[in-house]
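Listed below, chain by chain, are the residues.
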Amino acid sequence: MIAARAVILAASTAFSAAAETRFDISLDPRLELAGVVEALSASSAAFPSPAHPADFTLPRRGGLARIEKRFGSLRGHPAVRFHALPSFRGISYNDRRQVLLRLSMPPALEAPSDLADLGLVSAVGGEELLERWIEGLREFARDSRFMEYHRDESFRIESELSRFRKALLQGEYLAKIEEYTGLPFRGRIHFFLSRFYMHGAAVTMVRFEDDSIHVAMTAGVEEDAPPWDDLRYAVFPDEVWHESAHGILDERTDRFTLEDSVLKAFVRPPARDCQDPGHCVREHVAVGVAARLVRAEQGDLAAEKVLAEAEEGGLLHIRAVENILSEYEADRKRYPTLAAFYPRLLGADLLVSGARD
Ligand SMILES: [Zn+2]
């Protein structure tokens, strides 16, 4: 989890929040702006058509034609030329997204002061390239009056956005995890949607001084989404549960004193989801809870997918954690909250149970 305070603060005022829910859902203008420029660079007559970066996709349903009509005359724009540079082409849209979501809204695109500390700068080719890229996007947003186009496009997909919102509310995902843990989720989940992003959720999380949590998730287009959908509007409960579990439990997990033998068992060479012992333990707890909820709601096959992915990411004890959680579920009188179950969940028994698997 990487803090992105400035961005989330900006986002929470920029988006219309449905007051009765804890979800904010909007087409994200930063991802859409960078997507439009990338799309123009690839079809530019001035350059050989470059391969689009990894994780990038093009909008459907006439979206490309509308881009051509509105922005086609801007192919010579410095921002478009920049996107066609070989040194920039190799940077995946996912890495670009990590930076974009930390900027303020276009056309200002102000960068937070800690952007350089986040380890993202090298991912996008160094500080100089980063600055030129953002400056180009700023100019393009101003020169093209991008935000006017963005308002039109947001209006166009309003019915898809409300379908997404409805599916989220009907799932009652936050109510379910609060009931499961016996603990409240104090915060909001922001969904930043983009038609140029080829993937489901990926996340940043911020904890505010009043202890509320803001989770930012990106939703894009799935390869197998129906052709009439601009967005992948199907909700992905495993990710919602995983991230809200972090929001509910991380602080409690950090406070819990682990036995030495358990802590040592969590110390492994850094893996994707397991950078240091503290991180490994937090991930085990959050994914374990998400897997249990997925198993209850979507069945064994879906739960197996969550577990297999976690193992791939380096969570060695995830199956043991998930097993032990069934004891918690069976005796909620004794364990009114998941925190009350921590001595068992993260005790040495975990390793015994893990060894049995
Ligand atoms: Zn996580």
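Residues numbered from 1 in each chain as written. Predicted model: local features only at pLDDT ≥ 70, side-chain atom pairs only at ≥ 80, totals over all residues.

Trainee: Help me understand the overall build of the chain in this model?
Mentor: A count of helical and extended segments in the chain gives 17 helices and four strands. When each of the 357 residues of the chain is scored for burial, the buried share is 41%. A fraction of 78% describes how many contacts in the chain between residues 6 or more apart in sequence connect residues 24 or more apart. (Helix = DSSP H or I, 4+ residues; strand = E, 2+ residues; numbered from the N terminus. Buried ≥ 20, exposed ≤ 12 C-beta atoms within 10 Å, placed from the backbone. Contact = placed C-beta atoms within 7 Å.)

Trainee: Whenever I open this one, the packing of helix H11 (residues 237-255) against helix H13 (residues 277-298) confuses me. Can you help?
Mentor: Helices that pack against each other are described as a pair by the angle of their axes relative to one another and the distance between those axes. At a minimum axis distance of 8 Å, the contact between H11 and H13 shows a crossing angle of 135°. When the interaxial angle is binned, H11 and H13 end up oblique. At the point where H11 passes H13, the crossing takes the right-handed sense. Here H11 contributes Pro 237, Asp 238, Trp 241, His 242, Ala 245, His 246, Leu 249, Asp 250, Thr 253 and Asp 254 to the contact with H13, which in turn contributes Gly 278, Val 281, Arg 282, Val 285, Ala 286, Val 287, Val 289, Ala 290, Leu 293, Val 294 and Glu 297. (Axes fitted to C-alpha atoms, helices over the stretch in contact; angles between N-to-C directions. Parallel < 35°, antiparallel > 145°, perpendicular 65-115°, else oblique. Left-handed = near helix turned anticlockwise from the far one by under 90°.)

Trainee: Help me out: how do you make sense of the packing of helix H2 (residues 29-42) against helix H3 (residues 63-71) in this one?
Mentor: Two numbers describe how H2 lies on H3: the axes approach to 11 Å, and their chain directions differ by 85°. As the angle between them shows, H2 and H3 are arranged roughly perpendicular. Two secondary-structure elements touch here, H2 through Val 36, Ala 39 and Leu 40 and H3 through Leu 64, Ile 67 and Phe 71. For the contact of H2 with H3, the per-class residue count stands at six nonpolar, no polar and no charged. (Nonpolar A, V, L, I, M, F, W, Y, C, P; charged D, E, K, R; others polar.)

Trainee: Just checking my understanding: could you explain the nonpolar core for this structure?
Mentor: Soluble, globular proteins show a tendency: their nonpolar side chains are buried together. Judged by nonpolar contacts, the single largest core of 84 residues is most densely connected at Val 37, Leu 137, Ile 177, Ala 245 and Ala 290. Here this core takes ten residues from H13, the largest share from any one element. Apart from residues no more than four positions distant in its own chain, Ile 177 is found in contact with Phe 185, Trp 241, Ser 244, Ala 245, Ile 248 and Leu 293. (Core = buried A, V, L, I, M, F, W, Y, C linked by C-beta atoms within 7 Å.)

Trainee: Any chance you could explain the pairing of strand S2 (residues 187-193) here in plain terms?
Mentor: The two faces of a sheet get side chains in turn, since along a regular strand they alternate between them. With respect to burial, S2 is a largely interior element, seven of its seven residues being buried. The pairing of strand S1 (residues 23-27) with S2 spans five bridges and is classified as parallel. Note on S2: the bridge partner recorded for Phe 23 is Ile 189. Summarising the sheet, S2 and strand S4 (residues 213-219) pair through seven bridges and their orientation is parallel. Residue pairing for S4: Gly 187 is matched across the bridge by Ile 213. (Pairing = 2+ DSSP bridges.)

Trainee: Sorry, what's going on with helix H14 (residues 300-312) here?
Mentor: Think of an α-helix as turning once every 3.6 residues; residues three or four places apart then point the same way. Counted at 1.5 Å a residue, the expected span for H14 with its 13 residues is 18 Å, and the 18 Å between its end C-alpha atoms agrees. Those residues of H14 lying buried are Ala 303, Val 306, Leu 307 and Ala 310. Axial view of H14: buried residues confined to an arc of 95°, hence all on one face. Among the exposed residues of H14, those pointing more than 90 degrees away from its buried face are Leu 301, Ala 308 and Glu 312. Considering only its buried residues, H14 is in contact with H11, H13 and helix H15 (318-330). One or two steps after H14, the chain reaches Gly 314, where phi turns positive at roughly 105°. (Expected span 1.5 Å × (residues − 1). Arc of directions from axis to C-beta.)

Trainee: What am I meant to see in the confidence of the model for the chain here?
Mentor: Any segment with low pLDDT has predicted coordinates that should not be analysed in fine detail. With 80% of its residues at a pLDDT of 70 or more, the chain shows a mean pLDDT of 81. When mean pLDDT is taken per element in the chain, helix H10 (residues 173-181) scores highest with 96 and helix H1 (residues 5-14) scores lowest with 38. Residue range residues 1-20 is modelled with pLDDT below 50. Its contacts to residues more than four positions away, or to other chains, number 29 contacts. (pLDDT = per-residue confidence, 0-100.)

Trainee: Any chance you could explain the pairing of S4 here in plain terms?
Mentor: Within S4, seven of the seven residues are buried, which leaves the element mostly enclosed by the surrounding structure. Residue alternation in S4 divides its side chains into two sets, Ile 213, Val 215, Met 217 and Ala 219 and His 214, Ala 216 and Thr 218, and both sets are buried.

Trainee: What's the story with unusual backbone geometry in this structure? I'm lost.
Mentor: In terms of backbone geometry, most residues other than glycine have negative phi values and most peptide bonds are trans. In this model, Pro 106 is joined to Pro 107 through a cis peptide bond whose omega is 5°. In this fold, Pro 107 is placed in the loop between helix H6 (93-100) and helix H7 (127-143). One non-glycine residue with positive phi stands out, namely Asp 55, at about 70°. Mapped onto the secondary structure, Asp 55 falls in the loop between H2 and H3. For Asp 55, a count of 17 C-beta atoms within 10 Å corresponds to the partly exposed category. At Arg 145, a position not held by glycine, the phi torsion is positive, near 50°. Residue position: Arg 145 is located in the loop between H7 and helix H8 (146-156). Owing to 11 C-beta atoms within 10 Å, Arg 145 belongs among the exposed residues under this scheme.

Trainee: Is there a simple way to think about the environment of Arg 138 in this case?
Mentor: Mapped onto the elements, Arg 138 comes out in helix H7. In this structure, the C-alpha to C-alpha distance between Arg 138 and Leu 109, residues 29 residues apart in sequence, is 6.4 Å.

Trainee: Got a minute to help me understand H6 in this structure?
Mentor: With six of eight residues buried, H6 lies mostly within the body of the structure. Summarising the contacts, the buried residues of H6 are in contact with H2, H7 and S4.

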